[in-house]
Amino acid sequence: MNLARGSDEGRNYLYVGFNQDSTSLSVGTRSGLRLISFVSTDELKMITGCPNEEIFIAERCFSTSIVGYVSLSSPRKLCFLHVEKKKLVVDPRCYSNSILAVKMNRKRIIVVLEDIIYIHGGLAGEFMSDLHRIKPTPLNKNGLCALSPSEDSCLMAYPGGPKTGEVIIYDCLNLQDKMVINAHDNPLAALAFDYDGHKIATASEKGTILRVHSVMDGNCLYEFRRSFTRCADIYSLSFGFNSPFLCASSNTETIHIFKLDNLPPDGSRVKDDVSSQSWINYLGHASENYLPTNISKVFNQCRSFAYARLPLKNLETVCTITAIDDKLRLLVASADGYLYIYDLNISEGGECNLIRQHQLDEIPPNSPQEKRPAMSYAAAVRGIDRIAPVASVGSGKESSPVSTPSDIV
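Residues numbered from 1 in each chain as written. Predicted model: local features only at pLDDT ≥ 70, side-chain atom pairs only at ≥ 80, totals over all residues. Heavy atoms only, no water.

**Q** Teacher, can you tell me more about the sheet that holds strand β23 (residues 245–250) here?
**A** Two orientations exist for strands paired in a sheet by backbone hydrogen bonds: parallel and antiparallel. Pairing is mixed across the open sheet formed by five strands, whose spatial order is β22-β23-β24-β25-β29. Strand pairing shows two members of the sheet lacking a second neighbour, β22 (234–238) and β29 (350–351), which therefore form its edges. Relative to β23, β22 is paired through four bridges, and the arrangement is antiparallel. Its bridge partner lying in β23, isoleucine 234 is registered against serine 250. (Pairing = 2+ DSSP bridges. Helix = DSSP H or I, 4+ residues; strand = E, 2+ residues; numbered from the N terminus.)

Below is the structure:
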């Protein structure tokens, strides 16, 4: 999340964002960038870089040592730093206008300007090679964009315009448009792919309804109601890593967690027997026959499965769900420099309890090799004791003067 666009010019934190598999947090400050890895609930490890730069974008590629960053002093210049070697891995790239967002997976790097999107090669190929540019795009002043972490799907999503709720899905591997999804009636505020790139979650500027669509056919799979009357600014959406949940943060003090029920192979929703439903679901089914469509639809929208309370509201935050200490945790990073860790009861839901609160300024910097969590998110959900970690980036084709992944990771 780019915090430099906020009204508080004196704030120290300019960017906070979790990496693609929710194993670390990237932080941009007025005194450089920080990469914070989650070793345990009580132990975090931090690597620092660019101490003399004011960093307002810091995008890490999974758990590699490569970070793409943009500074306030050079908002049109994208640099890539090897944080352990403390050196740039490729010459900085300058663009025609200010960079609003940078997204990465192993095969693609996306650079978002107000009306142009650049697509470059990622670490698993010819690093930062020019592949394509989408020009002009609909006006995108906030740089809203999402890139699926999976290199197999490698899909990108961006708004269809500043006054519409349409989402444009673009295939970054084959460099072609895939589909347009009419997700909301109001302009978009947040986008997020699930890890495999099969589903996309969206929220509008109104912030009362969250929707999850299939990127195979554009059908709406889930419709979640965050609130019946209280509008909100949605700051972030996240499925976590291989997650059966969707979490959302906003300008309210509540983090909402929604559960994605299993769908049949054709992706359609199946109505369970009324006897197995709660009274609100029973009313939802009954209302279809007696109430107007727009009213009965409200009863059929799912409410949050779990929630967490923050100590303050109107605080810009990003959230995700990941495995720490072999248990699923809700993580929330805030613009005032705190990381909150909550428990999550995956069976019963309800209120999540705050386990630990870390002040980012108090984490001591270190340089040893980072330790990945002992268990992945998917393993924790399925109850598997151990699964292999995500494979490291393989070597790509050499392209002078760009270093190959084996040289820079």
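**Q** Would you take a moment to explain the nonpolar core for this structure?
**A** Among soluble globular proteins, nonpolar side chains are generally buried collectively. Formed by 25 residues in total, the largest nonpolar core has its most connected members in Leu78, Phe80 and Ile99. For this core, the secondary structure elements donating two or more residues are β5 (55–60), β6 (66–71), β7 (74–82), β10 (101–104) and β11 (108–112). Not counting chain neighbours up to four residues away, the residues in contact with phenylalanine 80 comprise Ile66, Val67, Gly68, Lys87, Leu88, Val89, Val90, Met104, Ile109, Phe127 and Met128. Counting residues in each nonpolar core, the second largest holds 20 residues, with Leu3, Ile324, Ala333 and Ile341 among its members. (Core = buried A, V, L, I, M, F, W, Y, C linked by side-chain atoms within 4.5 Å. Buried < 20%, exposed > 50% of the residue type's maximum accessible area, 1.4 Å probe, protein only. Contact = heavy atoms within 4.5 Å.)

**Q** For this particular structure, what's the right way to read the confidence of the model for the protein chain?
**A** Atom-level detail of predicted coordinates should not be read off regions where pLDDT is low. Confidence along the protein chain averages 84 in pLDDT terms, with 78% of residues attaining 70 or more. The model gives residues 367–378 a pLDDT under 50, and that stretch makes 37 contacts with residues more than four places away or in other chains. Across residues 380–404 the pLDDT falls below 50, and counting only partners more than four positions away or on other chains, this stretch makes 46 contacts in the model. (pLDDT = per-residue confidence, 0-100.)

**Q** Could you clarify how one ought to interpret the pairing of strand β26 (residues 317–324) in this entry?
**A** A regular strand places its side chains so that they alternate between the two faces of the sheet. Across the eight residues of β26, eight count as buried, placing the element largely inside the fold. Side chains Thr317, Cys319, Ile321 and Ala323 of β26 all project onto a buried face; the interleaved residues Val318, Thr320, Thr322 and Ile324 project onto the opposite face, where all are buried too. In this sheet, strand β27 (residues 327–334) lies alongside β26 in antiparallel orientation, the contact comprising eight bridges. Its bridge partner being in β27, threonine 317 is matched across the sheet by serine 334. Count of turn residues in the β26/β27 antiparallel hairpin: two residues, of which aspartate 325 carries a positive phi of about 55 degrees.

**Q** Whenever I open this one, unusual backbone geometry confuses me. Can you help?
**A** Where the residue is not glycine, phi is negative for most of them; where a peptide bond is considered, it is trans in most cases. For the bond running from lysine 135 to proline 136, omega is -10 degrees, close enough to zero to count as cis. Relative to the assigned elements, proline 136 resides in the loop between β13 (130–134) and β14 (146–147). Positive phi values are uncommon outside glycine, yet methionine 128 reaches one of about 60 degrees. The topology assignment puts methionine 128 in the loop between β12 (117–121) and β13. Residues other than glycine seldom take positive phi values, yet aspartate 325 does so here, at roughly 55 degrees. Topologically, aspartate 325 is positioned in the loop between β26 and β27. For aspartate 325, a relative accessible area of 38% translates into the label partly exposed.

**Q** I'm lost on the sheet that holds strand β30 (residues 354–359) in this one. Help?
**A** Reading across from one edge, β26-β27-β28-β30 is the order of the four strands in this open sheet, with antiparallel pairing throughout. Edge strands, defined here as strands with exactly one partner in the open sheet, are β26 and β30. Taken pair by pair, the neighbouring strands of this sheet meet at an average axis angle of 20 degrees, ignoring direction. (Axes fitted to C-alpha atoms, helices over the stretch in contact; angles between N-to-C directions.)

**Q** Could you clarify how one ought to interpret the pattern of salt bridges in this entry?
**A** Side-chain pairing between opposite charges can occur once the charged atoms of the two side chains come close. The final tally for this structure, using the stated rule, is seven salt bridges. Residue aspartate 42 pairs with arginine 356 through a salt bridge whose shortest N-O separation is 3.0 Å. Highlighted residues: aspartate 42 in the loop between β3 (32–38) and β4 (44–49) and arginine 356 in strand β30, separated in sequence by 314 residues. (Salt bridge = Lys/Arg side-chain N within 4 Å of Asp/Glu carboxyl O.)

**Q** How should I be thinking about the state of the cysteines in this particular structure?
**A** Here a disulfide denotes a covalent bond joining the sulfur atom of one cysteine to the sulfur atom of another. Throughout the structure, instances matching the rule amount to zero disulfides. This cysteine, cysteine 94, is not joined by any disulfide, and cysteine 79 carries the nearest cysteine sulfur, 7.9 Å off. Between cysteine 319, a cysteine without a disulfide, and cysteine 247, which holds the nearest cysteine sulfur, the sulfur-to-sulfur distance is 3.5 Å. The buried category is assigned to cysteine 319, whose relative accessible area is 4%. (Disulfide = S-S within 2.5 Å.)

**Q** How do you make sense of the packing of aromatic side chains when you look at a structure like this?
**A** Pairs of aromatic rings are described using the distance from one ring centre to the other and the angle between the two planes. With the rule as written, the count across this model stands at eight aromatic pairs. Where phenylalanine 80 meets phenylalanine 127, the ring centres are 5.0 Å apart and the plane angle is 75 degrees; that geometry is what we call edge-to-face. In this pair, phenylalanine 80 sits in strand β7 while phenylalanine 127 sits in the loop between β12 and β13, placing the two residues 47 residues apart along the sequence. With a relative accessible area of 1%, phenylalanine 80 lands in the buried category. Seen from their ring centres, phenylalanine 224 and phenylalanine 258 are 4.8 Å apart, and the 25 degrees between their planes marks the pair as stacked. Taken together, the residues phenylalanine 224 in strand β21 (residues 220–225) and phenylalanine 258 in strand β24 (residues 254–259) connect sequence positions 34 residues apart. Taking relative accessible area as the criterion, phenylalanine 224 reaches 1% and is therefore assigned buried. A connected cluster of aromatic rings, assembled from ring pairs, spans Tyr222, Phe224 and Phe258. (Phe/Tyr/Trp six-rings, centres within 6.5 Å; stacked < 30°, edge-to-face > 60°.)

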